[in-house]
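Chain and residue survey
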Amino acid sequence: MKITILGCGAFGTAIASLFEKKDVQTVIWSKFKKEIEKEQKNFPTIKTTTSLQEACHLSDLIIIAIPINFIKDTILELKPYYQNQDILIASKGIDTKTHQFASEIILSILENAPIGIISGGSFAIDMKNKNVLGLTLATKHNTIKEKVKKYMESDIVKIQYIKDTIGLPICGAIKNVMAIGFGMLDGAKLPDSSKFLFLTNAIYEIKYLISTLQGEEDTIMTYAGIDDIMMTCTSSTSRNYTLGNLIGSNKSKEEIEKYKQETTIEGLGTAKAMYELAKNKHINLPLTNTIYQILYEGKNYLELINTLKNSTNNNL
């Protein structure tokens, strides 16, 4: 069994750590030689390479764990070497230019490729430290389900299995936007009752978006849904939460901009992409729209409180 992981970042290497004691050959690929050299020290028993052809040759499972805005170019480069292997997507988010999720990008290039998507409330460090956590796999292909069950599931990693490949990536993307909003309210020292009113409305808004885009509403109740949303929104470890907290705490523009420049904050680009997607498809997402307006149109973060005051829960 050969498993290829495309992506040498925190989450890609965290996934690689799950296979350390399994009977598999694991190969990690990165386009950047410096990343490879660093990870060779951390994983001396795992093969690393900058060659896509070498990484994917005779592979049984290809795991995508690269930032979503780099997926298209990587898959185009992979296409000549692709041999209809199972593909497992671990990348979260939405392409900021095309408003596509990772599965849509991949299938537009590798038509009919067997894909699965895995997501859940899990920081990379928790996976590497062997802490118990939950992940959700969405796939319609039994071969992917069987491989994930055999090689990734354990007494530490709990995995749910669903078929909703639409709703799961929606949760993984928009939760970063909601984390910025929750951070704003927490930074502004609002009481728990107000913050969790926001969180509840956020969950309903995501559920509504899933339904409108023809996904399954129940996906919100999985590890990829409520688990990941609550973790990302309430944890100070979350970079999206931290950005929101800086805004809600009335930190200086210089301090906020410095944090943006020095940190990868997925929710920033996702807020813009989700706002534009909802506008194009005429979907009413009041919380997402307000967070976008605060981030990109200069509205005060207190506008989020007004949105909560005016909420009618018509989307419930």
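For the structure itself, look to the data block above.
Before going into details, it helps to say that this report is about the structure given with it. Keep in mind the model is a prediction, meaning the values are calculated, not measured. (Residues numbered from 1 in each chain as written. Predicted model: local features only at pLDDT ≥ 70, side-chain atom pairs only at ≥ 80, totals over all residues. Heavy atoms only, no water.)

Focus: the overall build of the protein
- Counting its regular elements, the protein contains 15 helices and eight strands.
- Taking 316 residues into account, the globule formula puts the C-alpha radius of gyration at 20 Å, and the protein, at 19 Å, falls close to it.
- Projected onto its principal axes, the C-alpha coordinates of the protein cover approximately 55 × 40 × 35 Å.
- Looking at the protein as a whole, 54% of its 316 residues qualify as buried.
- When contacts within the protein are restricted to residue pairs at least 6 apart in sequence, those whose partners lie at least 24 apart make up 69%.
- As presented, the protein carries roughly 14800 Å² of accessible surface, and 48% of it is formed by carbon and sulfur atoms.
- Taken as two groups, the 36 positive and 34 negative side-chain charges of the protein have centres that lie 2 Å from each other. (Helix = DSSP H or I, 4+ residues; strand = E, 2+ residues; numbered from the N terminus. Rg over C-alpha atoms; globule rule 2.2 N^0.38 Å. Buried < 20%, exposed > 50% of the residue type's maximum accessible area, 1.4 Å probe, protein only. Contact = heavy atoms within 4.5 Å. Areas by Shrake-Rupley, 256 points an atom, 1.4 Å probe, with all protein chains shown as cover. Lys, Arg positive; Asp, Glu negative; His and termini not counted. Charge placed at Lys NZ, Arg CZ, Asp CG, Glu CD.)

Remarks on the pairing of strand 2 (residues 25-29)
- By the criterion of burial, strand 2 is predominantly enclosed, with four of the five residues buried.
- Taken together, the three bridges between strand 2 and strand 3 (residues 47-49) define a ladder with parallel strand orientation. Its bridge partner lying in strand 3, I28 is registered against T48. (Pairing = 2+ DSSP bridges.)

Comments concerning the packing of helix 8 (residues 167-187) against helix 14 (residues 286-296)
- Relative orientation of the contacting elements helix 8 and helix 14 amounts to 65 degrees, with a least axis distance of 10 Å. The angle between the axes of helix 8 and helix 14 places the two elements in the roughly perpendicular class. The handedness of the crossing between helix 8 and helix 14 is left-handed. Across from I174, V177, M178, I180, G181 and M184 in helix 8, the residues of helix 14 making contact are L287, T288, I291, I294 and L295. (Axes fitted to C-alpha atoms, helices over the stretch in contact; angles between N-to-C directions. Parallel < 35°, antiparallel > 145°, perpendicular 65-115°, else oblique. Left-handed = near helix turned anticlockwise from the far one by under 90°.)

Some thoughts on the sheet that holds strand 4 (residues 61-64)
- Taken in spatial order, the eight strands of this open sheet run 3-2-1-4-5-6-7-8, and their pairing is mixed. Each of the sheet's edge strands pairs with one partner strand only, and the pair in question is strand 3 and strand 8 (157-162). Neighbour-to-neighbour, the strand axes of the sheet open up by a mean angle of 25 degrees, direction not taken into account.
- Taken together, the four bridges between strand 1 (residues 2-6) and strand 4 define a ladder with parallel strand orientation. Bridge assignment links I3 to a residue of strand 4, and that residue is L61.
- Contacts between helix 1 (residues 10-17) and the sheet are confined to strand 1, strand 2 and strand 4, with strand 1 contributing the most and set at about 165 degrees to the helix.
- Across the sheet, helix 7 (residues 142-151) touches strand 1, strand 4, strand 5 (86-89), strand 6 (115-119), strand 7 (133-139) and strand 8, and the angle it forms with strand 5 is around 65 degrees.

Thoughts on the nonpolar core
- Among the nonpolar cores identified, the biggest contains 47 residues, and M178, F198, I206, L243 and L295 are the most heavily contacted of them.
- When residues of this core are assigned to their parent elements, the largest contribution, eleven residues, is made by helix 8.
- In contact with L295, other than residues within four places in its own chain, are I180, M184, L243, I247, L268 and A271.
- Within the second largest apolar cluster, 30 residues are counted, among which are A14, L18, F43 and I144. (Core = buried A, V, L, I, M, F, W, Y, C linked by side-chain atoms within 4.5 Å.)

Describing the environment of A102
- Structurally, the position occupied by A102 is in helix 5 (residues 102-109).
- Along the backbone, A102 and L287 are 185 residues apart, and their C-alpha atoms lie at a distance of 24 Å.
- Excluding anything up to four places from it in sequence, A102 contacts I68, I71 and I89.

Quick notes on the environment of D95
- Turning to its location among the elements, D95 is positioned in the loop between strand 5 and helix 5.
- In this structure D95 comes out as buried when scored by relative accessible area, which is 8%.
- Separated by 19 residues in sequence, D95 and P114 place their C-alpha atoms 21 Å apart.
- Only 2.8 Å separates the side chain of D95 from the backbone nitrogen of T98, close enough to count as a polar contact. (Polar contact = N/O pair within 3.5 Å; in protein donor to acceptor, adjacent residues only side chain to side chain.)

Overview of empty space enclosed by the protein
- This structure, assessed with the given rule, holds one cavity of 30 Å³ or more.
- Lining the largest cavity, in full, are I89, S91, K92, G93, F101, A102, S103, I117, S119, L168, P169 and G172. (1 Å grid on protein atoms, 1.4 Å probe; cavity = no way out; pocket = protein on both sides within 12 Å on 5 of 7 lines; lining within 4 Å. Points joined across faces, edges and corners; volume = space filled by probe spheres on them.)

Here we look at the pattern of salt bridges
- The tally for this structure, following the rule as stated, stands at twelve salt bridges.
- Here K47 ties to E54 by a salt bridge, and the two come within 3.0 Å at their closest N and O atoms.
- Measuring nitrogen to oxygen at the nearest pair gives 3.0 Å for the salt bridge that ties K258 to E262. Placement of the pair is K258 and E262 together in helix 12 (residues 253-262), with a separation of four residues, close to one helical turn.
- On the basis of relative accessibility, which here comes to 48%, the residue K258 falls in the partly exposed class.
- For E262, a relative accessible area of 59% translates into the label exposed.
- Here the salt bridges share partners, and the residues they tie into one network are K92, K175 and D228. (Salt bridge = Lys/Arg side-chain N within 4 Å of Asp/Glu carboxyl O.)

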